[in-house]
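# Examining the three-dimensional arrangement
The lines below spell out each chain.
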Amino acid sequence: MFRAGAGLTWHVCCKWRMICVNEKNRVKYKDKLCEKIQKKEVRLMKKLSKLIFSRVFIVFLAIAIQFFWLFNFLYRFSIQFTYVDLIVRALAVIIVMLRIVTKWMNPAYKLAWTFIILLFPVLGLLIYLVFGRSELTKRTRERMNQVHQEILPYLTENPHYVKELQELDERVAGQSHYISKWAQFPVYKHTKTEYYARGEEMFPAMLEALEAAEHFIFMEYFILDKGTMFDTVIEVLERKVKEGVEVRLIYDDMGCITTMPAHFYRSLQAKGIKCAAFNPFRPMLSIIMNNRDHRKIFVVDGKVAFTGGINIADEYINKTERFGYWKDTGIRLEGEAVWSFTCMFLEMWNYIVQSSEDYQKFRPNICRNQSVESDGFVQPYGDTPLDKESTGENVYMNIISKAKKYVYIFTPYLIIDNEMLTVLCNAAKCGVDVRIVTPGIPDKKLVYLLTQADYLRLIENGVKIYQYSPGFIHAKSFVCDDTIATVGSINMDYRSLYLHFECGVFMYRCKAVTQLKEDAIKTMAQSEEITLEFCKNRRWYIRFMQSILRLIAPLL
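My aim in this report is to walk through the structure given alongside it, one point at a time. The structure presented is a predicted model; accordingly, all values stated were derived computationally and were not measured.

## Quick notes on the packing of aromatic side chains
The final tally for this structure, using the stated rule, is 21 aromatic pairs. Here the aromatic rings of Tyr251 and Phe264 are separated by 4.8 Å at their centres, their planes lie at 55°, and the arrangement is tilted. Placement of Tyr251 in strand 3 (residues 246-252) and of Phe264 in the loop between strand 3 and helix 11 (265-270) is noted, with a sequence separation of 13 residues between them. The class of Phe264 is buried, set by a relative accessible area of 7%. Here a set of aromatic residues connected by ring pairs shows up, and it is made of Phe216, Phe218, Phe345, Trp349 and Phe362. Its guanidinium or amino end placed over the ring of Trp182, Lys181 lies 5.6 Å from that ring's centre, counting from NZ or CZ. Seen from the ring of Trp339, Arg363 lies directly overhead, with NZ or CZ sitting 4.0 Å from the centre.

Next up, the structure:
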C-alpha cells in the first residue's frame, strides 16, 4: 500500500512537472512568436517608410495625381457635354490615323495602341500621352544624329577582313554586311574573346582591368545599386582618379530610380568621377519614358572591353539572393574590336553632356595587330530606337533562319512578335535543333506568364523550351552551329528590340563561341524541359490571362 501510494504520488508529481514545463515552453514560444511578429512589423514599417519617402514613390505619386486629375476632368466633361465626348472621340481617331497608323513601328505595337485608344478614348489617350510615344523629341533626335555623324568617320571597315569572311562563309558574311551597313559598326580581327558563364566569374576580371587602367575608364550601365559590387568598383575608380586616370560613368536614370537617391552622382563627382544620366526622370505627364539606355559597356584604355547582361548590383554576382540563383553572362574583348565600344560610349556621352571632342585621342597608343593574336571575327554592334532599324531583332532572326544544325538561346523574357515566332518555328520544322532557356523563378509574375504564353505553339512546332531550375536567368546569348554566337544586353521582348538603346557582340569562329556552347549544355542539364502536357493542362484562368496579356504585350 505504501509503495503503491508513493508510486502514485511520484507519478502525479512527474505529471505536474511536465504540465509546468509544457506551460513554460508554451509561454516562451508565445513570447518568441510575439517578438518575431513585432520584428517583422518593425521591418515592414521601415520598408514602408523608406518607400513613402523614396524618389520613385514621390515621382510616380506626382504623375498619378496629374493623370487622375486630367482623367477625371475630361471624363466628367465628356459625360455632361455631348460635344466634348465627340471631340475626345474624334481626337482619338486622329491620333490613331496620324500618329500611330502612319508611323514606322512594329504592327503589333500599332494594333495594341489602336485597340486601347479607340475602345477607351479618354483613358487610352492619357495612357498614350504617358507611355505611348516611343521616340524622343525632334530636337533630341537631331542632336543625337549630329553626334552620330561626327563619329562615323572613325568606324571604318578593313576590306581584307570582309573579303576573307566571304571566302570562309557567305552566310556569315551576309550577317556581317548587315551589321556594317545598317548598324554602321565594322567587323574586326586581332581580338581575343573570353566568355563568362556567370557574373561572379566576370567581376574579378573587371576589377583586374580597372586596376590596370592608365589613361581612361568608361562605364555605361542601366542599373547601379549600392552594395559589395558597386562599393568595390567605386573604391577602385576613386583611387584611379587620384592616379590621373580619366573616369566617366553613364547611368540610366529610370533604371536607377529604385536603387539610387536622386543626386547620388554628386558624391561621385566630388571624388573626381565624371557622371552623366541618360533621360533624367521628372514627375511630368509629358516626359518620354519609353526610350532607355539598357546597354552595359565597360572600356579600359581602349584595349579591353566588357559587355553582356551584368549590371553593377549585388544580385548579378550572387552576393544577395532575389529570385534564387541569378545566372547572367558576359564577354571580354581585348584588341581591335574594343574601338567600337569606345565609340558607342563617346557617342552617348557627347549627346548627354552636349559636347564634342577629338575621338582619335582615345585610340590605344600601341599597334594591336602585333600585340593581339587573331581569335576569329568579332563585330560589336549597337541598336538605337532612332534609326527605324531593329538591329538586335534582325541579328537574332538572321542567326535562327540561317542555322544548319542548332541554335541555343538564353533569354530572361520571351515576349516576341509573330515574325520572330514564325522564324523560330520554321527553323525547328526544317530540322534545326532550336532550344530556348528561360527563368525557372520569375522576377515579374505577369511578364513570366506572358513569357510562357507562346510555349505551346513553339513546342508543337518542334522548339524545345527549358526553364532554369536554380533561379532566374538574365543572360541574353545565342550560339549556333559551333561557329556563331552573340552576347549582349538585348532581351527578346518589345522594349529591348524596339525601344531601348542596346548593344551586343557578333562572333564567328572565336574561343568564346565554344565556351558559350559548353555553358548552354550545362545550363540545360540544370533546367526543366517544358512539355506539351504542362501547357495544355494549365488552369483555364491562366490561359485566359495569357490571352489578354498577348493583346497588350507590345506595351509591357
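## Brief notes about the side chain of Lys296
Its place among the elements puts Lys296 in the loop between strand 4 (274-278) and strand 5 (297-300). For the buried residue Lys296, which engages in no salt bridge, the nearest side chain bearing the opposite charge is Glu502, 5.4 Å off.

## Regarding the packing of helix 3 (residues 82-101) against helix 4 (residues 107-119)
Running from amino to carboxyl end, helix 3 crosses helix 4 at an angle of 170°, the nearest separation of the two axes being 10 Å. On the basis of their axis angle, the class for helix 3 and helix 4 is roughly antiparallel. Where helix 3 approaches helix 4, its residues Ala92, Val93, Ile95, Val96, Ile100 and Val101 are matched on the opposing element by Lys110, Trp113, Thr114, Ile117 and Leu118. When grouped by side-chain class, the residues that make up the contact of helix 3 with helix 4 number nine nonpolar, one polar and one charged.

## Focus: helix 8 (residues 170-183)
For helix 8, with 14 residues, the first-to-last C-alpha span of 19 Å sits near the 20 Å given by 1.5 Å per residue. Buried residues along helix 8 sit against helix 7 (159-168), strand 9 (377-383), helix 14 (391-401), strand 15 (484-488) and strand 16 (502-508). Backbone nitrogen of Arg171 and a side-chain oxygen of the N-cap are separated by 2.9 Å at the start of helix 8; the cap is Asp169. Positive backbone phi, approximately 65°, marks Gln184, located one or two places after helix 8.

## Considering helix 21 (residues 540-552)
Between its first and last C-alpha atoms helix 21 spans 19 Å; for 13 residues at 1.5 Å apiece the expected length is 18 Å, and the two agree. Turning to helix 21, its buried residues are Ile542, Gln546 and Leu549. Buried residues of helix 21, viewed axially, fall in a sector of 65°; they line one side. Residues Trp540 and Phe544 are exposed on helix 21 and point more than 90 degrees away from its buried face.

## A word on the nonpolar core
Of all hydrophobic cores here, the largest spans 165 residues; its most connected members are Leu224 and Leu424. Broken down by element, this core gets its largest block of residues, 10 residues, from helix 12 (residues 338-352). Setting aside residues up to four positions removed in sequence, Leu424 forms contacts with Ile400, Ile409, Ile416, Val434, Ile436, Leu458, Val463 and Met492.

## A few points about the pattern of salt bridges
Within the structure shown, the criterion is met by 20 salt bridges. In this structure, a network of salt bridges that share partners links the residues Glu246, Arg248, Lys274 and Glu357.

## Observations concerning the sheet that holds strand 12 (residues 464-468)
Across the sheet, which stays open at both edges, the eight strands sit in the order 9-16-15-14-10-11-12-17 with mixed pairing between neighbours. Edge positions in the sheet fall to strand 9 and strand 17 (527-529), since each has one partner strand and no second. Along the sheet, successive strands turn relative to each other by an average axial angle of 20°, direction set aside. With five bridges connecting them, strand 10 (residues 406-410) and strand 11 (residues 433-439) associate as parallel partners. Residue pairing across strands places Tyr408 opposite Arg435, the latter belonging to strand 11. Running at roughly 110° to strand 9, helix 7 makes contact with strand 9 and strand 16 of the sheet.

## Re the sheet that holds strand 4
On the basis of which strands lie adjacent, the open sheet formed by seven strands has the order 1-8-6-5-2-3-4 and mixed pairing. The sheet is open, and its two borders are formed by strand 1 (191-196) and strand 4, each paired with just one other strand. When strand polarity is set aside, the average angle formed by the axes of neighbouring strands in this sheet is 10°. Pairing of strand 5 with strand 6 (residues 304-308), which is carried by three bridges, proceeds in the antiparallel orientation. Paired with Phe298 across the bridge in strand 6 is Phe306. Against the sheet, helix 9 (residues 199-211) contacts strand 1, strand 2 (216-221), strand 5, strand 6 and strand 8 (330-335), and its axis sits at roughly 150° relative to strand 6. Lying on the sheet, helix 19 (residues 511-525) is in contact with strand 1 and strand 8; it crosses strand 1 at an angle near 10°.

## Some details on unusual backbone geometry
Of note in the backbone geometry, His190 takes a positive phi value of approximately 50° without being a glycine. Assignment of secondary structure puts His190 in the loop between helix 8 and strand 1. At Asp482, a position not held by glycine, the phi torsion is positive, near 65°. Here Asp482 is to be found in the loop between strand 14 (477-480) and strand 15.

## Re a nonpolar patch on the surface
Among the surface-exposed residues, Phe115, Leu119, Phe120, Leu123, Trp540, Tyr541, Phe544, Ile548 and Leu551 lie close enough to one another that they form a single nonpolar patch of about 950 Å² accessible area. Mapped by element, the contributors of at least two residues to the nonpolar patch are helix 4 and helix 21. Of the residues forming the nonpolar patch, the biggest block, five residues, is contributed by helix 21. Relative to the helices and strands, Ile548 is located in helix 21.

## So, the pairing of strand 2
Strand 2 sits mainly inside the fold: six of its six residues count as buried. Both faces of strand 2 are covered, namely the face carrying Phe216, Phe218 and Glu220 and the face carrying Ile217, Met219 and Tyr221. Note: strand 2 against strand 3, six bridges, orientation parallel. Opposite Ile217, over in strand 3, you have Val247 as the bridge partner. Chirality of the crossover, the property in question, places the unit of strand 2, helix 10 (residues 228-242) and strand 3 among those that are right-handed. Summarising the sheet, strand 2 and strand 5 pair through four bridges and their orientation is antiparallel.

What counts, and where the lines are drawn
- Residues numbered from 1 in each chain as written.
- Predicted model: local features only at pLDDT ≥ 70, side-chain atom pairs only at ≥ 80, totals over all residues.
- Heavy atoms only, no water.
- Phe/Tyr/Trp six-rings, centres within 6.5 Å; stacked < 30°, edge-to-face > 60°.
- Helix = DSSP H or I, 4+ residues; strand = E, 2+ residues; numbered from the N terminus.
- Buried < 20%, exposed > 50% of the residue type's maximum accessible area, 1.4 Å probe, protein only.
- Lys NZ or Arg CZ within 6 Å of the ring centre and 35° of its normal.
- Lys, Arg positive; Asp, Glu negative; His and termini not counted.
- Salt bridge = Lys/Arg side-chain N within 4 Å of Asp/Glu carboxyl O.
- Axes fitted to C-alpha atoms, helices over the stretch in contact; angles between N-to-C directions.
- Parallel < 35°, antiparallel > 145°, perpendicular 65-115°, else oblique.
- Contact = heavy atoms within 4.5 Å.
- Nonpolar A, V, L, I, M, F, W, Y, C, P; charged D, E, K, R; others polar.
- Expected span 1.5 Å × (residues − 1).
- Polar contact = N/O pair within 3.5 Å; in protein donor to acceptor, adjacent residues only side chain to side chain.
- Arc of directions from axis to C-beta.
- Core = buried A, V, L, I, M, F, W, Y, C linked by side-chain atoms within 4.5 Å.
- Pairing = 2+ DSSP bridges.
- Patch = residues over 30% accessible without salt bridge, like charges linked within 9 Å, V, L, I, M, F, W, Y side chains within 5 Å.
- Areas by Shrake-Rupley, 256 points an atom, 1.4 Å probe, with all protein chains shown as cover.
- Right-handed = clockwise from strand over helix to strand, strands pointing away.

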